[in-house]
Amino acid sequence: MKSKFVSKYRYSIILLKELVITEFKLRYQGSALGYLWSLLRPLFLFVILYFVFVYFLRVGSGIPHWPVAMLLGIVLWNFFSEVTNIGLTSIVSRGDIIRKINFPKYVILLAGSVSALINLVLNLFVIGVFMWINQVNLSWSALLSPLYIIEIFIFALGLSFILSTIFVKLRDMNYIWEIIMQALFYASAVIYPISMVVERSATIAQVLLLNPVAQAIQDARQTLIYDQTPTLLSISSGNILIAFIPIALVIAVFIFGAWFFKKQSPNFAENV
Amino acid sequence: MPENDNSNSDTVLSVSHVSKDFHLPHHKSNSIKSTIINIFKRKDKEVDIQHALRDISIDVKKGEFFGIVGRNGSGKSTLLKIIAGIYRPTKGTVKTTGKLVPFIELGVGFNPELTGKENVYLNGALLGFSRDEINAQYNAIVAFAELQDFMDQKLKNYSSGMQVRLAFSVATCAEADILLVDEVLAVGDADFQRKCFAYFKKLKKDKVTVIFVTHDMDAVREYCDRVVLINDSKVMAIGQAGKISQEYTRLFTDASDDVVGQESTRWGKGGAETVGIDVSISDDLITIRHRIVSKYTINNPIIGIRIRSASGIDVTGTNTKIEKIDTGVFKAGHERMLVWTMPAVLADGEYYIDPAIVDADGITVQDWWDEAVKFMVTKERHLPYSIDPGFNVEFSNN
């Protein structure tokens, strides 16, 4: 059984591995500090954001560990944005290969997302440092947090399938997506605490959190940083059905995306 | 086709009733604006359907060296891409048995920023080799490419010949059941070509199934067991190499009977076009005035002429690349004139000029016009050959 799986996906696995290695090698080529930048970049960005939001804007000043929670939100949002943005252009930017050789196209998409995953891990490492400085107490619930990362990943992958397929035929898609992402960013309670929204209207907060990214970020904050962070479940006063909507959305987007991509991918070579 | 009546048990490639249409919208609607306009103006959504292939059926048996020949634009490369699984056929099916490795182009995925070594692994992966498999053959690959001292250098520092050698070397380690080769031989220097031919001989000896797309009738006669001739998107003939290569040559001779200037002997993207050719002949010079109008701006195109005799023999020709002339920018809508001169060495007779305009990459044909113009050379004496340089004959006094 295992060998059958391996032989069916052998080519994909070989290719995925090689594309990831290549991308990683190319990323910091010629820079003196190389891979270290993957750590230094988020580190300095966080220090800047920390000062801006905590000392100047004073957003979320009443919330324990808000700066760290905000950074976590930014990290998860960047991950989502990186996977979808790389995914969107991935098929078109690899057009040269697609026109010359037949291979499973989803590998290109996966390769792009793996480099985003590596970045995420490095970023989370930096977050860990900030959590330690901020003396955040980790509870057992922290073990649940990878689930939310997986949720964001699957959602982003599903969207990438759809976006990259559309982008092959409609080259305006990247601009449209850029605008949508801008709107989503401010609607996802990344740089402001969702409790600010809850104070005004619990319903609006509820609607905002139906977006899987916003919901996952809130849940990750709750499990990792501060257990009183409002989540979709807590705002909906424990209504499991409502809390299930974003999950259903993620699954639906992924299944539709994979189907759509698979159906269209044989036409990529003549359209890219 | 009697060839197909044999038992099918050892058929490794079966193409049955394959057709391929390309939909070419007049203005490719890949922006929102045009898409929206097209949605509302359904009637205007004119789409040109180009029938690249019509009802192609081919069976290739294990161990066969099978050629696909045809003129430019006949659809042979499309057929190869369908066999390779790059394009999906509009109709019909392709069945292959065993591992198929395509050499549609050498060095697919090569990245100039990576070292030679890294590129070997990347290119190898695209051809389906794992790291371990490459490791096992790595020394052989490097030795075959003769690049031992360069493997840790970036590919961008390689000469183009070195890149081709490396790519070919990776490709040759493929242990394929079916190999697809698309005119790879057209590139590289003589030394490299000799290596390629040696490799093909080895493939033939090892009874590897090879599908070979080419223009080169000498190669066809030498290597191919059977050949299919594709013309005008259809199978024109399938059979023994010798017979088909004759037919192919006849196809070209027939074409040369066409009326001068007919569209059928002209092809290309049309971004720049030959609009006029004037030939004037003096006692010692032939002057060809070549007028070109470009529809859009083209940088440094290669412009060439070829002179053919009435019997279809290529007499001579040259292009701006050979002459090392920088053609510069051809601005959209402008007309430019190129003046070719040569000593009046052509013998008495009728000649044709084939002008061509090709992009700087040497591949994309903007305008290729066979027999655009006919001219006469009249000399007092007649030679049965095309060149009359003027001979001097005398007995030596020994």
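The shown structure was predicted, so the numbers you read here are calculated from the model rather than taken from an experiment.

Definitions and limits used
- Residues numbered from 1 in each chain as written.
- Chains lettered and ligands numbered in written order.
- Predicted model: local features only at pLDDT ≥ 70, side-chain atom pairs only at ≥ 80, totals over all residues.
- Helix = DSSP H or I, 4+ residues; strand = E, 2+ residues; numbered from the N terminus.
- Rg over C-alpha atoms; globule rule 2.2 N^0.38 Å.
- Buried ≥ 20, exposed ≤ 12 C-beta atoms within 10 Å, placed from the backbone.
- Contact = placed C-beta atoms within 7 Å.
- Nonpolar A, V, L, I, M, F, W, Y, C, P; charged D, E, K, R; others polar.
- Expected span 1.5 Å × (residues − 1).
- Pairing = 2+ DSSP bridges.
- Axes fitted to C-alpha atoms, helices over the stretch in contact; angles between N-to-C directions.
- pLDDT = per-residue confidence, 0-100.
- Parallel < 35°, antiparallel > 145°, perpendicular 65-115°, else oblique.
- Left-handed = near helix turned anticlockwise from the far one by under 90°.
- Core = buried A, V, L, I, M, F, W, Y, C linked by C-beta atoms within 7 Å.

**Student:** Can you walk me through the overall build of chain A in this structure?
**Tutor:** Helices and strands together make up the secondary structure of chain A, namely 13 helices and zero strands. Sequence-ordered secondary structure for chain A, helices as α and strands as β, is α-α-α-α-α-α-α-α-α-α-α-α-α. Here the C-alpha atoms of chain A give a radius of gyration of 20 Å, agreeing with the 19 Å that 2.2 N^0.38 yields for 272 residues. Overall, chain A is about 60 × 50 × 45 Å in size when its C-alpha atoms are taken along their principal axes. Here chain A, with 272 residues, has 40% of them falling under the buried criterion. Residue pairs in contact within chain A that sit at least 24 positions apart in sequence constitute 79% of those at least 6 positions apart.

**Student:** Help me out: how do you make sense of the overall build of chain B in this one?
**Tutor:** If you tally the helices and strands in chain B, you get eight helices and 20 strands. For chain B, the residues scored as buried account for 33% of the 398 residues in total. Counting contacts in chain B only where the partners sit at least 6 residues apart, residues at least 24 apart contribute 72% of the total.

**Student:** Whenever I open this one, the interface of chain B and chain A confuses me. Can you help?
**Tutor:** Often, the extent of an interface is quoted as the loss of accessible area on bringing the components together. Taken together, the contacts link 25 residues of chain B with 22 residues of chain A. Secondary structure elements with two or more residues in the side of chain B that touches chain A: helix 1 (32-40) and helix 3 (116-126) of chain B. With five residues, the top contributor of residues to the side of chain B that touches chain A is helix 3 of chain B. Broken down by class, the residue content of the side of chain B that touches chain A amounts to 13 nonpolar, eight polar and four charged.

**Student:** Help me understand helix 5 (residues 106-133) of chain A in this model?
**Tutor:** Given 3.6 residues per turn, any residue in an α-helix points the same way as the ones three and four places further on. Over its 28 residues, helix 5 of chain A extends 41 Å from the first C-alpha to the last, a length consistent with the 40 Å expected when each residue adds 1.5 Å. Positive backbone phi, approximately 55 degrees, marks Q135(A), located one or two places after helix 5 of chain A.

**Student:** Explain the sheet that holds strand 11 (residues 272-281) of chain B to me, please; I cannot follow it from the model alone.
**Tutor:** In sheet architecture, strand pairing relies on hydrogen bonds along the backbone and comes in two forms, parallel and antiparallel. All names here are of chain B. Read from one edge to the other, the open sheet built from three strands follows the order 11-12-17, with strand pairing classed as antiparallel. Strand pairing shows two members of the sheet lacking a second neighbour, strand 11 and strand 17 (335-343), which therefore form its edges. Going from strand to strand, the sheet's axes swing by 20 degrees on average, the running direction of each strand aside. As judged from the nine bridges shared by strand 12 (residues 285-294) and strand 17, these two strands associate in the antiparallel manner. Directly across from R289, in strand 17, lies its bridge partner V339.

**Student:** Where do I start with unusual backbone geometry in this structure?
**Tutor:** Among all residues save glycine, negative phi is the norm, and among peptide bonds the norm is trans. If you check the backbone angles, Q135(A) has positive phi at about 55 degrees while not being a glycine. Checked against the element boundaries, Q135(A) lands in the loop between helix 5 and helix 6 (145-169). Not every positive phi belongs to a glycine, and N300(B) is a case in point at roughly 45 degrees. Counting through the fold element by element, N300(B) comes out in the loop between strand 13 (298-299) and strand 14 (302-309).

**Student:** Even after reading the chapter, I still don't get the confidence of the model for chain A, so can you show me in this structure?
**Tutor:** Do not read the predicted coordinates in detail wherever pLDDT is low. Taken over all residues, the pLDDT of chain A has a mean of 90, while the share at 70 or more is 99%. Of all secondary-structure elements in chain A, the lowest mean pLDDT belongs to helix 2 (residues 36-57) of chain A, at 82, while helix 6 of chain A reaches the highest, 96.

**Student:** For this particular structure, what's the right way to read the sheet that holds strand 5 (residues 100-103) of chain B?
**Tutor:** Residues and elements named next belong to chain B. Here we have six strands laid out as an open sheet, ordered 5-6-7-3-8-9, and mixed in their pairing. Each of the sheet's edge strands pairs with one partner strand only, and the pair in question is strand 5 and strand 9 (234-240). Here the strands of the sheet are splayed against their neighbours by 15 degrees on average, with no regard to which way each runs. With five bridges connecting them, strand 3 (residues 65-70) and strand 7 (residues 209-214) associate as parallel partners.

**Student:** Please clarify how the packing of helix 6 of chain A against helix 10 (residues 212-224) of chain A should be interpreted in this entry.
**Tutor:** When two helices pack together, their arrangement is captured by the angle between the axes and the distance separating the axes. All names here are of chain A. At a closest axis distance of 8 Å, the pairing of helix 6 and helix 10 adopts a crossing angle of 165 degrees. The orientation of helix 6 with respect to helix 10, classified from their angle, is roughly antiparallel. Helix 10 is crossed by helix 6, and the crossing has left-handed handedness. Contacts between helix 6 and helix 10 involve S145, Y148, E151, I152 and F155 on the former and, on the latter, P212, V213, A216, D219, A220, T223 and L224. Grouping the constituent residues of the contact of helix 6 with helix 10 by class yields eight nonpolar, two polar and two charged.

**Student:** Help me understand the confidence of the model for chain B, please; the structure alone is not making it clear to me.
**Tutor:** All names here are of chain B. Here chain B averages 83 in pLDDT, and 87% of its residues register 70 or above. Across chain B, the element-wise mean pLDDT spans from 66 in helix 1 up to 93 in strand 4 (residues 91-96). In this model residues 1-7 is a low-confidence stretch, pLDDT under 50, and it forms four contacts with partners more than four residues away in sequence or in other chains. The low-confidence segment residues 255-264 (pLDDT under 50) makes eight contacts with residues lying over four places distant or belonging to another chain. At the level of chain-chain contacts, confidence expressed as ipTM amounts to 0.84, with global pTM at 0.73.

**Student:** Looking at this structure, how should I read the pairing of strand 6 (residues 178-182) of chain B?
**Tutor:** A regular strand carries its side chains on alternate faces of the sheet. Residue and element names in this part refer to chain B. Counting buried residues along strand 6, five of its five residues qualify, which places the element largely inside the surrounding structure. In terms of strand pairing, strand 5 meets strand 6 through four bridges, oriented parallel. Directly across from L100, in strand 6, lies its bridge partner I178. Bridging between strand 6 and strand 7 involves five bridges; their strand directions are parallel. When the sheet's bridge partners are listed, I178 is paired in strand 7 with T209.

**Student:** When you look at the environment of K117(B) in this model, what are you seeing that I'm missing?
**Tutor:** Residues and elements named next belong to chain B. Within the secondary structure, K117 is located in helix 3. Assessed through the 19 C-beta atoms surrounding it within 10 Å, K117 is described here as partly exposed. On a C-alpha basis, the gap between K117 and Y138 in space is 8.8 Å, while along the polypeptide they are 21 residues apart.

**Student:** Just to check I follow, could you spell out helix 6 of chain A for this structure?
**Tutor:** Spanning 25 residues, helix 6 of chain A covers 37 Å between terminal C-alpha atoms, matching the ideal 36 Å at 1.5 Å per step. Across the 25 residues that make up helix 6 of chain A, a large majority, 18, are buried.

**Student:** Looking at this structure, I do not really get the nonpolar core. What am I missing?
**Tutor:** Side chains of nonpolar character tend, in soluble globular proteins, to be buried together. By size, the foremost hydrophobic cluster in this structure holds 140 residues, and its most contacted members are L72(A), L76(A), I152(A), L180(B), I211(B) and F212(B). Residue contributions to this core peak at 16 residues, all from helix 3 (residues 66-93) of chain A. Non-local contacts of I152(A), meaning those with residues more than four positions away in its chain, are made with L76(A), F79(A), F80(A), V213(A) and A216(A). Counting residues in hydrophobic clusters, the runner-up holds 19 residues, among them A272(B), Y351(B), I357(B) and V358(B).

**Student:** How should the packing of helix 2 of chain A against helix 5 of chain A be read in this particular structure?
**Tutor:** Residue and element names in this part refer to chain A. Direction vectors running N to C along helix 2 and helix 5 enclose 45 degrees, while the axes themselves pass 9 Å from each other. Relative to helix 5, the element helix 2 is oriented oblique. As helix 2 runs across helix 5, the sense of the crossing is right-handed. The segment helix 2 lies against helix 5, with S38, L39, P42, L43 and F46 engaging N119, L122, N123, V126 and F130. Looking at the contact of helix 2 with helix 5, its residues break down into seven nonpolar, three polar and no charged.

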